[in-house]
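Per-entry structural report
The primary structure of each chain is shown beneath.
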Amino acid sequence: MITIKSEELFKESEKHIPGGVNSPVRAGKAVGVTPLIIRRADKAHIFDEDGNEFIDFVGSYGPMILGHNNPIVKKAIVEALEDSLSFGAPTKKELEMAILVKELLPSIEMLRMVNSGTEATMSAIRLARGYTGRDKIVKFSGNYHGHGDSLLVQAGSGIATQGISSSSGVPNSIIENTLVLNYNDTEQLETLFKISGKDIAAVIVEVISGNMGVVPGKFDFMKRLREITKEYGVILIVDEVMTGFRVNIGGAQKLYEIEGDLICLGKIIGGGMPIGAFGGKKEIMEKLAPVGEVYQAGTLSGNPIAITAGLTTLNYLKDNPKVYLYLEELGERLENGINLLIEKYKIKAIVNRVGSMMTLFFTDIRVTNFSEAKTSDEKVFARFYKEMLISGIYFPPSQYEAFFLSNEHTMSDIDKTLICIENAFKKINIDTL
Ligand code: KE4
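Residues numbered from 1 in each chain as written. Predicted model: local features only at pLDDT ≥ 70, side-chain atom pairs only at ≥ 80, totals over all residues. Heavy atoms only, no water.

Quick look at helix α4 (residues 117-132) now. Its 16 residues give α4 an end-to-end C-alpha distance of 22 Å, which sits within 8% of 22 Å, the value for a rise of 1.5 Å per residue. Residues Gly117, Thr118, Glu119, Ala120, Thr121, Ser123, Ala124, Ile125, Leu127 and Ala128 constitute the buried set of α4. (Helix = DSSP H or I, 4+ residues; strand = E, 2+ residues; numbered from the N terminus. Expected span 1.5 Å × (residues − 1). Buried < 20%, exposed > 50% of the residue type's maximum accessible area, 1.4 Å probe, protein only.)

Below you can see the structure in the form of structure tokens.
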């Protein structure tokens, strides 16, 4: 694989952009690979500046559920461009988006658009604190909710990859109000609430985690979390930035039949354009300026072009429910194929999957929380990652990220991927002999 142009361009980028990237996980530090400079993508394939072609399982870390270059989304954006890019004023499209999201996610009575998942979670935390008058928040180790100060504690995703337990630059006065529990640990949850329940403003949770790798929430844990937050008047913030419209048109809330008080959205809601959103109960949301006294704002919030991309994507998913059946078929084929290969080559690895998001952990124990995820052999993952890249398979460059499938992946893409995985397992086996 020739990567001359990528190497030259990345070397230059490192002089002008910290680490050469605009988001740390892309730097590939955890796998020891110089990032490829991507030129374009189409359907389920991505192409770098040297013309190498890959089957794409990153999908921009979630948004590209309809695949790249979707003609319907593209046409809608081109038409919207005729009316200019941004006004800084209310538009009909924002209203359409709010009504559609409320229809798809009944737990949302009112919605506020922002420009990223981080803005959504950061704003939801501030709103919960403003509504309850309490300061403490609870998150779970391995859950990542973006880079808002209160939430950069024992986070997953890029933090897990970087091995940073919390970021520098965040004052202790902020962190001391953030309590961290083990994911899926009901006993610890009960104990904390007995001691501090009445001081907690909010619990924020990924009902299906995607940022320590894919780790589904246990049903009884999530049910108890919803009950105990209600008992203590604590706002339950369900972070569906990754799972919203991904695992089901109704998100993880639908699969788990629980309703958060506030819900955070991102990724798919923007269809590939920068969008986040948060919403929930009317009585809470109306605490937001200009109605209430919790301030939150954004120059490009509800940007008409971004909304067009998101609205077109969500309407397509709503009108074509068979997309989720197809994504399940693809995911099942890939998961079953990998499990057969793990068995055949006696590889220390397990697969966690929910629908079209999945992770191959190089460990031989069940992964139900962050400490179990961290038993994975990151060196073997790095070896696996490199072998797959050389074979034309583009996975996220971290053991603690999810692979994503799209409506444009084909069964032959899956079968080709499984052949590449088999070759990688053979080489890993030789290494570990
Ligand atoms: P953004 O600010 O990156 O749009 O969203 C933050 C966020 C919030 N909540 C959840 C559950 C998320 O997964 C994310 C962002 N996810 C990571 C991928 N694990 C984004 C990739 C990156 O940081 O480059």
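More follows now that the structure is in view.
Taken together, 17 residues lie around the ligand, and Ser23, Thr118, Asn211, Asp239 and Glu401 are the ones closest in. In this structure, an oxygen atom belonging to the ligand sits 2.7 Å away from a side-chain N or O atom of Thr118. Glu401 is positioned such that a nitrogen or oxygen atom in its side chain is 2.7 Å from a nitrogen atom of the ligand. Protein coverage of the free-state accessible area of the ligand, which is 540 Å², stands at 87%. (Near = heavy atom within 4 Å. Polar contact = N/O pair within 3.5 Å; in protein donor to acceptor, adjacent residues only side chain to side chain. Areas by Shrake-Rupley, 256 points an atom, 1.4 Å probe, with all protein chains shown as cover.)

All right, on to the pattern of salt bridges then. By the definition in use, this model includes 21 salt bridges. The shortest N-O distance in the salt bridge between Arg39 and Glu49 comes to 3.0 Å. Remark: Glu49 occurs in the loop between β2 (45-48) and β3 (53-56) and Arg39 occurs in strand β1 (residues 38-42); sequence separation between them is 10 residues. Under the relative-accessibility criterion, Arg39 is labelled exposed at 59%. Taken together, the shared-partner salt bridges connect Glu190, Lys223, Arg224, Glu227 and Glu231 into one network. (Salt bridge = Lys/Arg side-chain N within 4 Å of Asp/Glu carboxyl O.)

Moving on, we come to the environment of Leu418. With respect to the secondary-structure elements, Leu418 resides in helix α15 (residues 411-432). Counting along the chain gives 74 residues from Leu418 to Lys344, while the straight-line C-alpha distance between them is 13 Å. Setting aside anything within four residues of it in sequence, one finds Leu418 in contact with Arg333, Leu334, Gly337, Ile338 and Leu341. (Contact = heavy atoms within 4.5 Å.)

With that out of the way, let us pick up the packing of aromatic side chains. Per the counting criterion, the structure on display carries 16 aromatic pairs. Consider the rings of Phe54 and Tyr394, whose centres lie 5.9 Å apart with planes at 50 degrees: the pair is tilted. In this pair, Phe54 sits in strand β3 while Tyr394 sits in strand β15 (residues 393-394), placing the two residues 340 residues apart along the sequence. Given a relative accessible area of 1%, Phe54 falls into the buried group. For the ring pair Phe384 and Phe395, a centre distance of 5.8 Å and an interplane angle of 20 degrees mean the geometry is stacked. Taken together, the residues span a long stretch of sequence, with Phe384 in helix α14 (residues 378-390) and Phe395 in the loop between β15 and β16 (403-404) at a distance of 11 residues. Through a chain of ring-to-ring contacts, the aromatic side chains of Phe57, Phe362, Phe381, Phe384, Tyr385, Phe395, Phe403 and Phe425 assemble into a single cluster. Directly above the ring of Phe47 sits Arg40, whose terminal nitrogen or CZ lies 3.8 Å from the centroid. (Phe/Tyr/Trp six-rings, centres within 6.5 Å; stacked < 30°, edge-to-face > 60°. Lys NZ or Arg CZ within 6 Å of the ring centre and 35° of its normal.)

On domain assignment, one finds that the protein holds domain 1 (4-69 + 321-432) and domain 2 (71-319). Measuring from the centre of the C-alpha atoms in domain 1 to the corresponding centre in domain 2 gives 25 Å. With 35 residues of domain 1 at the contact, the number on the domain 2 side is 40 residues. Summed over both partners, the interface of domain 1 with domain 2 comes to about 3,000 Å²; 63% of that surface belongs to carbon and sulfur atoms. Among the residues of domain 1 in contact with domain 2, Tyr324, Met357 and Phe370 are the three that bury the most area, contributing 22% of the side total. Looking at the side of domain 1 that touches domain 2, the elements that each hand over two or more residues are α12 (322-345), β13 (350-354), β14 (357-361) and α13 (370-373). The greatest single-element share of the side of domain 1 that touches domain 2, amounting to four residues, is contributed by β14. Of the residues assigned to the side of domain 1 that touches domain 2, the class counts are 22 nonpolar, 10 polar and three charged. (Domains from an automatic or database assignment. Buried area = accessible area lost by both parts, 1.4 Å probe. Nonpolar A, V, L, I, M, F, W, Y, C, P; charged D, E, K, R; others polar.)

On to the pairing of strand β11 (residues 262-265). Going residue by residue along β11, you find Leu262 and Cys264 tucked away on one face and Ile263 and Leu265 tucked away on the opposite face as well. The pairing of strand β10 (residues 235-239) with β11 spans three bridges and is parallel. Residue pairing in the sheet places Asp239 in a bridge with Cys264 of β11. Taken together, β10, helix α9 (residues 251-256) and β11 form a β-α-β motif whose crossover is right-handed. (Pairing = 2+ DSSP bridges. Right-handed = clockwise from strand over helix to strand, strands pointing away.)

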